[in-house]
Amino acid sequence: MNDKFLTPYNPTETEDRIYTQWKESEYFNPDKLPSRHRTPFTIIMPPPNANGHLHAGHALTLTLQDIFIRYKRMQGFKALWVPGADHAGFETQIVYEKKLEKEGKSRFKMDRDVLYKEIYDFTMENKKFMEHEIEKMGSSCDWSREKFTLDPSVVKEVQKTFKKLYDDGLVYRGSRIINWCTKHQTSLSDVETESKEQKDKLYYFKYGPFTISTARPETKFGDKYVVMHPDDARYAEYKHGQTFELEWINGPITATVIKDEAIDMAFGTGVMTITPWHSGIDFEIAERHNLPKEQIIDFVGKLLPIAGEFTGMKIAEVRPKMVEKLKEKGLLVKIDEEYVHSVPVCYKCATTIEPQVKAQWFVKMKPLAELALKAVKEGRVQFMPDNFEKIFKYWMENTLDWNISRQIVWGIPIPAKHCEKCDEFVVDTEDVTKECQKCKGAFVKDTDTFDTWFSSGQWPLLALGYPDSSDFKNFYPTDLMETGSDLIFKWIPRMVIFGLYLAGKEPFRHVYLHGMVNDAQGKKMSKSKGNVVNPLDLIAKYGTDALRLGLVVGNTPGSEISLREDKIRGYKNFSNKLWNITRFVLSSAEGEVYEGKVQDEELAKILVDVTGDIENYRLHLASEKLYHYVWHRFADEILEESKKILKEGSEEEKKERKQLLLHILAQVLRALHPFIPFVTEEIWAHMPIADKKMLIIEEWPGK
RNA sequence: GCGCGAUUAGCUCAGUUGGUAGAGCAACCCAUUUACACUGGGAAGGUCGCAGGUUCGAGUCCUGCAUCGCGCACCA
């Protein structure tokens, strides 16, 4: 027996060496697998952001995907797992802006090209860390196929998709209400905002014969339309279109009555004035009745000249001052101090979103969402756990047009131009149009970039080299998409849509969504709370195998998991237990070669069970069953009873028992390999088995 | 306001089709160098959130309620 089993298992010493062996074997590459591997099984890795280090959530997703890939590879599938890296437009730009802030710089004072180059270098540097960490997790992904979301071929294809959507009438440029982050100076899509509940004051003002209420008096300077529900009996005497004179903030104005069903009669007085430039609802009302829109607040959050004496002031400053002024004019009716409502905030900096009207590129979602909805209803895309199907459908039935323009440099440029003179625009992927056909003015390139999710949404296609590559022909549609449940809106629907729209086929058949990884007390990890767990620290202490098992056992699909160190420590002990079992088996069976003749019905039955569990995405059960069998059945009982047989049995009984021990150990190593690949591969190398291959391509033991 | 999820041992969580409650950790007792102390054996610990219902039988199915968490909407 090898002396190495005389000392406890050392993950740190083992893991990097084994990973190198796997890489050298080239078995991560499906084209290099032995001939028994014919039917493709494909997973596209959700590309981690290339702007920093991996967190616990990455550790979980990589573990789950690697388990499925290794399992399928052992079963004889032509397993492909495509790794990637995401430039993560807005998020990376924010990370870099924070870095600039620390250095006392601002991106708004920098040349665009210089800034782009700096973020590019920063990203390339961080991409290396991220890739190294994917390797540390034991991920058996095919590095020869790795893609980056800013690879020239990817950029080109994303721009072509934009052109195609435009030609098909599914992308349009429009001046519509958008979510504007005054800190980051960019528009955001609806999924890039969050709701924040807060308590504000609700002000009631006299507006001619009416009393209106508002939480945002500072937007009211230009309000000239007063709106009420057509069925509201209280205001039946006022007719739609009727005008009246009134005294308002900065003097007398003429206002018009508008009747619209969007008004909630139960709210406040049932009457409101509208500010179409700074409110989604008001914008819609204005659109319906063809009313003018006027900007009150500029893009940095300061009042425009329409505010008269308040021009140039910030919102927070203006609000009390103008309320005071209205009070002096006798127009303040009352103030409700306890008005609790939610406001949209930037999901990254929590700055309150200022709705603005701005010319942007939009994707017309309804016809595309219908494609996705149909695919899900027909079962061509299935969710695990299946309650996500309901959420997906609801979302697809209630889509808003998607703003894909971002006013940031870090991203894929939108291939469009507009005329300096008349604002005519043109989509130009080849950069050939120089002059406006309408007015002969000069065209300038759009400086906006795409929403990251516009390119990420096409990732299953792009990662496989859509449209012409052989990989795309061989491996699309993919089999499984494993990602966090928080991406059910941001990402999953967009991938389904683009897959169906561009390739005519759903991008994946199954979606497995894991829950968020929380700290030991079940609290969300965040830098501000200081409870962030770094997977690399855990790997250094307990080994990757232990971390992987700790993330998988008892973790049901979709539900949150509390990451506790004592649990991971327990699974480090399991690796060592397996190590010592091997020590006992190999020393007991010294000189014996595994003949593969014995069977063990009990184990065979468990392996059938485990196989069923994995097939049905019950990894938490599969892993626990194996753990329990190895520790409490194989070690505690079978090994113990073997001691007596090996000591007192006949020669025949001894030989049979040795074969049985080798058999169980071999089967258990195979079955555990997807879960704890390092220690099993290491032990496998010392098994007395003739003509064995590396464990990574050995046959899966269950039926 | 609408929707989703959770509520099971001290803690963190399993419990696949309804058939006398499980794991890991912690705590308790015993064993003291055993393949493994990163160990073994043992014992203890739960009216499965509450109230009804269906059933021969409910942690599991149905209804209602409560508490916690999350998402969406409104956000005048």
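Residues numbered from 1 in each chain as written. Chains lettered and ligands numbered in written order. Predicted model: local features only at pLDDT ≥ 70, side-chain atom pairs only at ≥ 80, totals over all residues. Heavy atoms only, no water.

Caption draft 1: Representation of the overall build of chain A within the structure. When helices and strands are counted, chain A shows 21 helices and 25 strands. Overall size of chain A, expressed as C-alpha extent along the three principal axes, is 110 × 60 × 55 Å. Taking all 703 residues of chain A together, 56% fall into the buried category. A separation threshold of at least 6 residues defines the contact pool for chain A, and within that pool the share at least 24 residues apart is 76%. (Helix = DSSP H or I, 4+ residues; strand = E, 2+ residues; numbered from the N terminus. Buried < 20%, exposed > 50% of the residue type's maximum accessible area, 1.4 Å probe, protein only. Contact = heavy atoms within 4.5 Å.)

Caption draft 2: Looking closely at the packing of aromatic side chains. Evaluation of the coordinates by the stated rule reveals 43 aromatic pairs. Note on Y9 and W579: the rings are 4.9 Å apart at their centroids and 45° apart in plane angle, and the pair reads as tilted. Of the two residues, Y9 sits in the segment before α1 (11-25) while W579 sits in helix α17 (residues 565-588), which places them 570 residues apart along the sequence. According to the relative accessible area criterion, Y9 is buried, its value standing at 7%. Lying across the ring of Y204, K334 places its NZ or CZ 4.4 Å from the centre. The ring of W402 has R494 lying over it, and the distance from NZ or CZ to the ring centre is 3.9 Å. (Phe/Tyr/Trp six-rings, centres within 6.5 Å; stacked < 30°, edge-to-face > 60°. Lys NZ or Arg CZ within 6 Å of the ring centre and 35° of its normal.)

Caption draft 3: Layout of the protein's contact with RNA strand B. In the vicinity of RNA strand B there are 45 residues, among which S213, T214, H341, S342 and W631 approach most closely. Of everything in RNA strand B that lies within 4 Å of the protein, sugar and phosphate atoms constitute 62%. In the model, a phosphate oxygen of RNA strand B is placed 3.0 Å from a nitrogen or oxygen of the H620 side chain. Contributions of two or more residues to the surface near RNA strand B are made by β8 (210-214), β13 (332-346), α9 (387-397), α17 and α19 (619-648). Partitioned by chemical class, the residues of the surface near RNA strand B number 18 nonpolar, 14 polar and 13 charged. (Near = heavy atom within 4 Å. Polar contact = N/O pair within 3.5 Å; in protein donor to acceptor, adjacent residues only side chain to side chain. Nonpolar A, V, L, I, M, F, W, Y, C, P; charged D, E, K, R; others polar.)

Caption draft 4: View of helix α21 (residues 677-684). With 8 of 8 residues buried, α21 is to be regarded as a mostly interior element. Inspection of α21 places P677, F678, V679, T680, E681, E682, I683 and W684 among the buried residues, and these make up the whole buried set. For α21, the elements touching its buried residues are α1, α2 (56-75), α4 (112-136), α16 (544-552), α17 and α20 (651-672).

Caption draft 5: Inspection of helix α7 (residues 315-328) at higher detail. Under the 1.5 Å per step criterion, the end-to-end length of α7 is 20 Å for 14 residues, consistent within 8% with the ideal 20 Å. Residues of α7 that are buried include every one of I315, V318, M322, V323, K325 and L326, and no others. Down the axis of α7, the smallest arc covering the buried residues is 160°, so these residues share one side. Opposite its buried face, α7 presents the exposed residues A316, K327 and E328, each directed more than 90 degrees away. Looking at the packing, one finds that the buried side of α7 touches β7 (193-207), β10 (243-248), β13 and β14 (354-363). (Expected span 1.5 Å × (residues − 1). Arc of directions from axis to C-beta.)

Caption draft 6: Inspection of the pairing of strand β2 (residues 78-82) at higher detail. Counting buried residues in β2 gives 4 out of 5 residues, a clear majority hidden from the surface. Where strand β1 (residues 40-44) lies against β2, 5 bridges are found, and the strand directions are parallel. By the bridge assignment for β2, I43 is matched with W81. Where the polypeptide runs from β1 across α2 and back to β2, its parallel neighbour, the crossover connection is right-handed. (Pairing = 2+ DSSP bridges. Right-handed = clockwise from strand over helix to strand, strands pointing away.)

Caption draft 7: Representation of the sheet that holds strand β12 (residues 271-273). If you walk across this open sheet you meet the 4 strands as β10-β11-β9-β12, and the pairing is mixed. Of all strands in the sheet, those bounded by a partner on one side alone are β10 and β12. Each neighbouring strand pair of the sheet contributes to a mean axis angle of 35°, computed without reference to strand direction. Judged from the 3 bridges that link them, strand β9 (residues 225-228) and β12 form a sheet pairing that is antiparallel. By the bridge assignment for β12, V226 is matched with T273. (Axes fitted to C-alpha atoms, helices over the stretch in contact; angles between N-to-C directions.)

Caption draft 8: Fine view of the packing of α9 against helix α14 (residues 492-503). Where α9 meets α14, the axes come as close as 11 Å, and the angle between the chain directions of the two elements is 70°. As judged from the angle between their axes, α9 and α14 are roughly perpendicular. For the pair α9 and α14, the crossing hand works out as right-handed. In this structure, α9 uses F392, W395 and M396 to contact α14, whose residues at the interface are I492, P493, V496 and I497. Grouping the constituent residues of the contact of α9 with α14 by class yields 7 nonpolar, no polar and no charged. (Parallel < 35°, antiparallel > 145°, perpendicular 65-115°, else oblique. Left-handed = near helix turned anticlockwise from the far one by under 90°.)

Caption draft 9: A look at the pairing of β7. The pairing of β7 with β13 spans 12 bridges and is classified as antiparallel. Each bridged residue has a counterpart across the sheet, and for E194 the counterpart in β13 is V345. With 5 bridges connecting them, β7 and β8 associate as antiparallel partners. Its bridge partner being in β8, Y203 is matched across the sheet by T214. Here β7 folds back onto β8, and the loop between the two strands holds 2 residues, one of which, G208, carries a positive phi near 60°.

Caption draft 10: Fine view of the nonpolar core. Grouped together as the largest cluster of nonpolar side chains are 163 residues, with contacts concentrated most on F383, F454 and F634. The biggest single contributor to this core is α19, with 12 residues. Not counting chain neighbours up to four residues away, the residues in contact with F634 comprise I581, V585, Y629, L639, L661, I664 and L665. Y203, I253, V271 and A307 belong to the second largest nonpolar core, which has 30 residues in total. (Core = buried A, V, L, I, M, F, W, Y, C linked by side-chain atoms within 4.5 Å.)

Caption draft 11: How the structure looks around the side chain of D613. On the secondary structure map, D613 appears in helix α18 (residues 601-615). For D613, the side chain forms a polar contact with the side chain of K625, separated by 2.7 Å. Every residue in contact with D613, bar those within four places of it in the chain, is listed here: R618, L619, L621, A622 and K625.

Caption draft 12: How the structure looks around the packing of α16 against α17. Put simply, α16 and α17 touch, their axes get as near as 8 Å, and they point 125° apart. The orientation of α16 with respect to α17, classified from their angle, is oblique. Our pair here, α16 against α17, has a crossing hand that is right-handed. Seen from α16, the contacting residues are D545, A546, L547, L549 and G550; seen from α17, they are K567, I568, Y571, K572, F574 and S575. Counted by class, the contact of α16 with α17 contains 6 nonpolar, 2 polar and 3 charged residues.

Caption draft 13: Highlighting the confidence of the model for chain A. The pLDDT averaged across chain A works out to 93; a share of 100% of its residues lies at or above 70. Scored as a whole, the predicted complex attains pTM 0.94, and scored at its interfaces, ipTM 0.93. (pLDDT = per-residue confidence, 0-100.)

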